[in-house]
Amino acid sequence: GAGVSQTPSNKVTEKGKYVELRCDPISGHTALYWYRQSLGQGPEFLIYFQGTGAADDSGLPNDRFFAVRPEGSVSTLKIQRTERGDSAVYLCASSPQSGTDYNEQFFGPGTRLTVL
Amino acid sequence: AQSVTQPDIHITVSEGASLELRCNYSYGATPYLFWYVQSPGQGLQLLLKYFSGDTLVQGIKGFEAEFKRSQSSFNLRKPSVHWSDAAEYFCAVVPTSASKIIFGSGTRLSIRP
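Cut-off values and rules
Every chain's residues receive numbers from 1 upward, in the order its sequence appears when written. Throughout, the order in which chains and ligands are written sets their labels, letters from A for the former and numbers from 1 for the latter. In keeping with the predicted nature of the model, local features appear solely for residues at pLDDT of at least 70, side-chain atom pairs appear and are counted solely at 80 or more, and the whole-chain, interface and lining totals rest on all residues. Side-chain measures here rest on the full set of heavy atoms in the structure, leaving out hydrogens and waters. Helix and strand assignments come from DSSP, with helices taken as H or I runs of at least 4 residues and strands as E runs of at least 2, each series counted from the N terminus. Between the two quantities, the radius of gyration covers C-alpha atoms and the globule rule is 2.2 Å times the number of residues to the power 0.38. Exposure classes here rest on a 1.4 Å probe applied to the protein chains alone. A residue is buried below 20% of its type maximum, exposed above 50%, and partly exposed in between. Any cysteine sulfur atom paired with another within 2.5 Å is treated as part of a disulfide.

### A word on the overall build of chain B
- When you go through chain B residue by residue, the secondary structure sums to zero helices and 12 strands.
- Secondary structure elements in chain B, listed N-terminal to C-terminal, are β-β-β-β-β-β-β-β-β-β-β-β.
- Here chain B has a C-alpha radius of gyration of 13 Å; the compact-globule value for 113 residues is 13 Å, and the two agree.
- Dimensions of chain B, computed from C-alpha atoms along their principal axes, come out at roughly 45 × 30 × 20 Å.
- The buried share of chain B, taken over its 113 residues, is 47%.

### Observations concerning the state of the cysteines
- Scanning the model with the defined rule gives two disulfides over all chains in all.
- The disulfide partner of A:Cys23 is A:Cys92, and the S-S distance across this bridge is 1.8 Å. Between A:Cys23 and A:Cys92, the disulfide has an S-S torsion of -70° and is therefore left-handed. Here A:Cys23 is found in strand β3 (residues 19-24), whereas its partner A:Cys92 is found in strand β9 (residues 88-95), with 69 residues between them in sequence. For the pair formed by A:Cys23 and A:Cys92, the shared burial category is buried.
- Note on cysteine connectivity: B:Cys23 is disulfide-linked to B:Cys91, with sulfurs 1.9 Å apart. An S-S torsion of about -65° defines the bridge between B:Cys23 and B:Cys91 as left-handed. Remark: B:Cys91 occurs in strand β10 (residues 87-94) and B:Cys23 occurs in the loop between β3 (19-21) and β4 (24-26); sequence separation between them is 68 residues.
- With a relative accessible area of 0%, B:Cys91 lands in the buried category.

Pasting the structure below:
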């Protein structure tokens with residue numbers, strides 16, 4: 001079946017602009033995660049959804065970052081007033097369920113965001 | 001502080017040679033442990049995982065890893081590398097009380113012909 005998809009694959013924007021990054025999880029996966037991977041680093045956790053609600057948003061760096069998942073499927077990561085330091089690859093992952101048992105997360109190809 | 005350490009930023013080995021990539025973690029209890037590979041332009045792919053039981057785990061592409069509780073280590077090994085193994089390798093943990101993955105900073109593997 002189809003894997004996790006992310007759009008756009010590349011996004012170039014100017015400092016101060018607003019951007020939206022989209023993630024389509026694997027069908028039926030209730031858990032969805034966002035990570036950010038800066039150049040030369042490992043991915044860093046941003047936020048985790050279980051269904052429609054954010055179960056853990058402790059990784060969001062500041063209030064310019066916000067994410068939604070209104071129908072429990074597609075998620076959008078929103079970044080306001082972008083800064084050059086926001087340039088990174090934004091990864092999305094989904095898993096069948098979450099709770100007391102760990103379920104493997106399947107990653108999308110990422111969106112490369114460049115802020116000029 | 002909780003952390004995952006990959007001490008080697010870049011390793012170069014000859015094709016056909018053996019490989020060991022190091023990983024140490026710092027957590028109060030044994031977390032779930034993983035190794036991922038990321039090739040240029042490719043997404044993250046899970047190589048293997050350890051949850052409990054046998055401390056030597058086998059993964060895809062001929063990789064294996066050994067969990068050593070006394071050393072808080074989870075090193076990745078392969079007996080004979082192929083040119084296609086050139087990639088970035090990430091050790092990762094999931095604390096048993098959480099769901100998010102915590103990644104190390106990665107080790108870039110180059111293969112010498």
